[in-house]
Amino acid sequence: MWAAAQGHQPPNAGTPDPVVIVSSDGHAVARMPDYRPYLPADMREEFDAFCEVHRREGSRTIDPKSLLARMDPYLVDEWTATVIEPGRLAGQSDPAQRLTELDRQGVAAEVLFPDFGLAFELDPPVLAALKGQTRTPEQVEAANRAHNRWLADFVSGAPDRFVGLAIVGFDDVEAAVAEIRWAKSAGLQGIVLPAVDESTPFYHARHEPIWDVLEELGMPANSHTGISAITKAIPGGAVAAAPHPSCAFPILTSQGFFVTREILTHLIWGGVLERHPDLQVVLTEQGSGWVVGALTSMDYSYEGSYLRRDVREVVRHKPSEYFGRQCHLGSSLFSLAEAQARSEIGVDKIAIGVDYPHHEGTWGSGPGNVAYLRATLGAAGVSAEEARLMLGGNAAALWKLDADALESRARLIGPSLQEILTPPTHDYFPRGDVRKPLATGV
């Protein structure tokens, strides 16, 4: 269906007027058996048995088995024909193939989050909830450490193009601090915030050493829907009680966005950003337009409501000022409505994400990354200066990437700024995030 318009292909010669694209949202995991050498020796026999079950029954978010639980069969067939069969998913685990895929998309560098499919993880969350699957705390901790060490090896071959994020749990604060220090020494550049227990929220005093070390090392804290949350509770009962499996997804997705977005509320009103003024926080794949209303509401509470004024003994600035000083948006996936509202959201805050290797990403579902950007930035009349910031400039500054190296890569792989900012002449995206309303992330 999309063969004639499968997106930008890297040119053989230098691209005129190239634009640096840094994807704020990519995912990488090992092939399940490849986690074995990174696990403790006393867990490997248990892991071997799990791998046999995973080989027979397991699934990843990007596999047809998982996709069919939430998407129409014809879309899964298109995905299989245009992405799986050509082998474009190999870059999820193979760094050389990942670089080939980045070049194909015109992406100079990428921030790497984990994905579902860590050690001892049989299915993605909704399927796991439906089946009652759980992992022990020991398995979770070992899986996180194994992934961090695998990821350090993954990014080591191209540190100028990969920004690796460590998974760090907050249950054991001393262990978390040690893991953050190890991650920094191993070439990882930030952490992914976990889901925390409601009894010990992110602003709890016990977590201060974690914020201290992140601030000391200059490592941004990143929240991502489906990974980071203000609660560990998964509504398995609500999912199982849904009248049809497809009904479970909007229920779970809506809750997932809420418990992730509330991290910003906790960091501001809990005083974390006041106590740690150099800490940088990135809000990824949870929509971008919602922050406008959220900050307006929080500023009203601070200035115009009946909230006690002595709150200012803890929160000394307006919430929007903390956001302006310390927060960034991993805008994956960026919609046309968000592109049109870019000034209100903050052009200097938006860092657009490709979301490889997920189906909903700009890279594979439809005619490709450039066509997606034309349908959003091009259709919204974004200026060249704004586009350069949102596509790569903001992310490169946050992650302190080598601007000259990024520019050199962009000249080799394209696309040109003119390509991206040319309004589309055909609607290749009748469904999906191009049409997502401003205030939602679903």
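Refer to the structure above for everything that follows.
What you see is a predicted model, and the numbers here were worked out from it, not measured in a lab.

Participant: Help me understand the overall build of the protein chain in this model?
Facilitator: When helices and strands are tallied, the protein chain shows 19 helices and 8 strands. The C-alpha radius of gyration of the protein chain comes to 21 Å, within 12% of the 22 Å expected for a compact globule of 442 residues. Referenced to the eigenvectors of the C-alpha coordinate spread, the extents of the protein chain come out at roughly 60 × 55 × 50 Å. The long-range fraction of contacts in the protein chain, counting pairs at least 24 apart against all pairs at least 6 apart in sequence, stands at 80%. On the protein chain, roughly 18,300 Å² of surface is accessible, and the fraction owed to carbon and sulfur atoms is 55%.

Participant: What am I meant to see in the packing of aromatic side chains here?
Facilitator: The geometry of an aromatic ring pair comes down to the distance between the two centres and the angle between the two planes. A full pass over the atoms with the stated rule returns 13 aromatic pairs. Arranged with centres 5.3 Å apart and planes meeting at 75°, the rings of Phe47 and Phe120 form a pair that is edge-to-face. Here Phe120 lies in the loop between strand S2 (109–113) and helix H5 (125–131) and Phe47 lies in helix H1 (residues 44–57), a separation of 73 residues in the sequence. Judged by its relative accessible area of 0%, Phe47 falls in the buried class. For Phe120, a relative accessible area of 6% gives the class buried. Ring centres of Phe170 and Trp211 lie 5.7 Å apart, and the angle between their planes is 70°; on these two criteria the pair is classed as edge-to-face. Of this pair, Phe170 sits in the loop between strand S3 (162–167) and helix H7 (173–185) while Trp211 sits in helix H8 (residues 208–217); the two residues are 41 residues apart in sequence, bridging distant segments of the chain. Accessibility classification places Phe170 together with Trp211 in one group, the buried group. These aromatic residues form a ring-pair network of at least three members: Tyr35, Trp150, Phe154 and Phe162.

Participant: Would you mind showing me how to read the sheet that holds strand S6 (residues 281–284) here?
Facilitator: Remark on secondary structure: sheet strands pair via backbone hydrogen bonds, oriented parallel or antiparallel. Taken in spatial order, the 8 strands make up an open sheet running S1-S2-S3-S4-S5-S6-S7-S8, and their pairing is parallel. One side of each edge strand has no neighbouring strand; the edge strands of this open sheet are strand S1 (22–27) and strand S8 (350–352). Taking each pair of neighbouring strands and ignoring which way they run, the sheet shows an average axis angle of 30°. Of the pairings in the sheet, the one linking S2 to S3 comprises 3 bridges and is parallel in character. Its bridge partner lying in S3, Leu112 is registered against Gly164. Here helix H17 (residues 384–399) sits on the sheet in contact with S1, S2, S3, strand S4 (190–192), strand S5 (221–224), S6, strand S7 (327–331) and S8, set at roughly 110° to S8.

Participant: Hey, could you run me through unusual backbone geometry in this one?
Facilitator: Residues apart from glycine generally show negative phi values, whereas peptide bonds are mostly found in trans. The omega angle of the peptide bond from Ser332 to Leu333 is 5°, so this bond is cis rather than trans. Note that Leu333 resides in the loop between S7 and helix H14 (336–340). A cis amide bond, omega 5°, links Tyr356 with the succeeding residue Pro357. Position of Pro357 among the secondary structure elements: in the loop between S8 and helix H16 (369–378). With a phi close to 65°, Asp355 is a non-glycine residue in the positive phi region. On the secondary structure map, Asp355 appears in the loop between S8 and H16. Backbone geometry places Lys400, a non-glycine residue, at a positive phi of 55°. Judged by relative accessible area, which is 71%, Lys400 ranks as exposed.

Participant: I'm lost on the nonpolar core in this one. Help?
Facilitator: As a rule of thumb, nonpolar side chains are buried together in soluble globular proteins. In this structure, Tyr35, Trp211 and Leu377 are the most contacted members of the largest nonpolar core, which totals 101 residues. No other element matches the 8 residues that helix H6 (residues 137–156) contributes to this core. Once you skip the residues sitting within four places of it in the chain, Leu377 turns out to touch Phe334, Ala339, Ile352, Val382, Met390, Leu391, Ile420 and Leu421. By size, the runner-up hydrophobic cluster in this structure holds 18 residues, among which are Ala108, Ala109, Val282 and Ala410.

Participant: How should I be thinking about the environment of Pro277 in this particular structure?
Facilitator: As for its placement among the helices and strands, Pro277 is situated in the loop between helix H11 (272–275) and S6. Looking at Pro277, the relative accessible area reads 35%, which means it is partly exposed. For the pair Pro277 and Arg325, spaced 48 residues apart in sequence, the C-alpha separation works out to 8.0 Å. Look past the residues within four positions of Pro277 in its chain and what remains in contact with it is Glu215, Arg325 and Gln326.

Participant: When you look at the packing of helix H12 (residues 290–303) against helix H13 (residues 319–326) in this model, what are you seeing that I'm missing?
Facilitator: How two helices pack is summed up by the angle between their axes together with the distance between the axes. Remark: H12 packs on H13, axes separated minimally by 7 Å, with the N-to-C direction vectors making an angle of 135°. By the angle class used here, H12 and H13 are oblique. Contact residues: Val291, Leu295, Met298, Asp299 and Tyr302 in H12; Pro319, Ser320 and Phe323 in H13. Taken together, the residues of the contact of H12 with H13 sort by class into 6 nonpolar, 1 polar and 1 charged.

Participant: For this particular structure, what's the right way to read the pattern of salt bridges?
Facilitator: Between side chains of opposite charge, a pair can form when the charged atoms approach closely. Throughout the structure, instances matching the rule amount to 24 salt bridges. As a salt-bridge pair, Glu101 and Arg88 come within 2.6 Å of each other at their nearest N and O atoms. Here the residue Glu101 occupies a position in helix H4 (residues 95–105), and Arg88 occupies one in the loop between helix H3 (73–84) and H4, the gap between them amounting to 13 residues. Each member of the pair Glu101 and Arg88 is classed as buried. When the shortest N-O distance is used, the salt bridge between Arg411 and Glu407 registers 3.5 Å. Of the two residues, Arg411 and Glu407 are both situated in helix H18 (residues 403–413); the distance of 4 residues between them amounts to about one turn of the helix.

Cut-offs and rules
- Residues numbered from 1 in each chain as written.
- Predicted model: local features only at pLDDT ≥ 70, side-chain atom pairs only at ≥ 80, totals over all residues.
- Heavy atoms only, no water.
- Helix = DSSP H or I, 4+ residues; strand = E, 2+ residues; numbered from the N terminus.
- Rg over C-alpha atoms; globule rule 2.2 N^0.38 Å.
- Contact = heavy atoms within 4.5 Å.
- Areas by Shrake-Rupley, 256 points an atom, 1.4 Å probe, with all protein chains shown as cover.
- Phe/Tyr/Trp six-rings, centres within 6.5 Å; stacked < 30°, edge-to-face > 60°.
- Buried < 20%, exposed > 50% of the residue type's maximum accessible area, 1.4 Å probe, protein only.
- Pairing = 2+ DSSP bridges.
- Axes fitted to C-alpha atoms, helices over the stretch in contact; angles between N-to-C directions.
- Core = buried A, V, L, I, M, F, W, Y, C linked by side-chain atoms within 4.5 Å.
- Parallel < 35°, antiparallel > 145°, perpendicular 65-115°, else oblique.
- Nonpolar A, V, L, I, M, F, W, Y, C, P; charged D, E, K, R; others polar.
- Salt bridge = Lys/Arg side-chain N within 4 Å of Asp/Glu carboxyl O.

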